[in-house]
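Structural features, examined
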Amino acid sequence: MDAETRAEILEATNRALCEHGYAGLTVQRIADEASVTSAAIHYHFDTKEELLNAFLDDLIGRFESELSCESADPRTRLKTVLDAVFSPKNPGADGFPVAVMELKAQAPYHELFRERFLDFDGVMREVVADIVRDGVDGGEFDETDPEKIARLITTMSNGAHARVVALDEHPAETRRIVEDALELHLGWRPDARADE
C-alpha cells in the first residue's frame, strides 16, 4: 500500500472514531471519511481490528517521535516529554484524544488493544525512568526511584487525557500538578531555568 493511501485511511479512521465512537465504527464509515471505497480498505486491511491496530501503531509512533529529544540534558528531555503529553503540537485539532479514549475503553474486551496500550505505557515509563535515572546520576535531580516517578507521570498523563476528553479540561491544569510533583520528588521544576 502506498504511504499516501495508508495515511488517508488512518486519518479517516480517526475522524470516524471521533464522530461515531467505537460502537458505531464500520469500514463503510471509514470509507465515507476517505476518498477510497470500503473494498479498497479491505484490500489493505483484512479486518477492522487489523486496521485499528495499524491506527494504534501510527498514534504510538507519532507520540514516540514527540517524546524523542536529542539533548543530553535530562531536564530538557523531561520537559520534552511533558510538552508531548500536555502541550501536543496540534492539541485536539485532529480529535486524537477522543479517538484514543474510544480505543482505551475497549481494552478490557479486546486483548490486542490492551496489549498495545500496555506497550504504549511501557514505552512512556521507560523513557521517563531513563531520564530520571540520568538526572539523578548527573546530580540534576534529587535522589529518587526512577520507576516510581515514571509510573507517577504516566498515571497522571492518563488521568489528564481522561479529563481532557470527559471534562473538557485544558491539559495545562494537570501539567501544573505534575510539575508540583516533580518539584517535590526531583527538586526541579520544568519552568525553572536550565542553569539553576
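The rules we used
- Residues numbered from 1 in each chain as written.
- Predicted model: local features only at pLDDT ≥ 70, side-chain atom pairs only at ≥ 80, totals over all residues.
- Heavy atoms only, no water.
- Phe/Tyr/Trp six-rings, centres within 6.5 Å; stacked < 30°, edge-to-face > 60°.
- Helix = DSSP H or I, 4+ residues; strand = E, 2+ residues; numbered from the N terminus.
- Buried < 20%, exposed > 50% of the residue type's maximum accessible area, 1.4 Å probe, protein only.
- UniProt positions renumbered as here; feature names shortened; annotations may be inferred.
- Polar contact = N/O pair within 3.5 Å; in protein donor to acceptor, adjacent residues only side chain to side chain.
- Contact = heavy atoms within 4.5 Å.

**Considering the packing of aromatic side chains**
- Across all of its chains, the model carries three aromatic pairs by this definition.
- Considering the side-chain rings of Phe141 and Trp188, the 5.6 Å spacing of their centres and the 40° angle between planes classify their relative orientation as tilted. Here Trp188 lies in the segment after α9 (171-186) and Phe141 lies in the loop between α7 (111-137) and α8 (146-167), a separation of 47 residues in the sequence. Accessibility assignment for this pair places Phe141 and Trp188 in one class, buried.

**Considering the UniProt feature "DNA-binding region" (unreviewed entry) in the protein**
- The UniProt record marks residues 26-45 with the feature "DNA-binding region" (unreviewed entry), using the residue numbering of this structure.
- In residues 26-45, helix accounts for 70% and strand for 0%; the two terminal C-alpha atoms are 13 Å from one another.

**With respect to the side chain of Arg189**
- Among the secondary structure elements, Arg189 is positioned in the segment after α9.
- Within polar-contact distance, the side chain of Arg189 engages the side chain of Asp180 at 2.6 Å.
- Among the polar contacts made by the side chain of Arg189, one reaches the side chain of Glu183 at a distance of 3.2 Å.
- Setting aside anything within four residues of it in sequence, one finds Arg189 in contact with Arg176, Glu179, Asp180 and Glu183.

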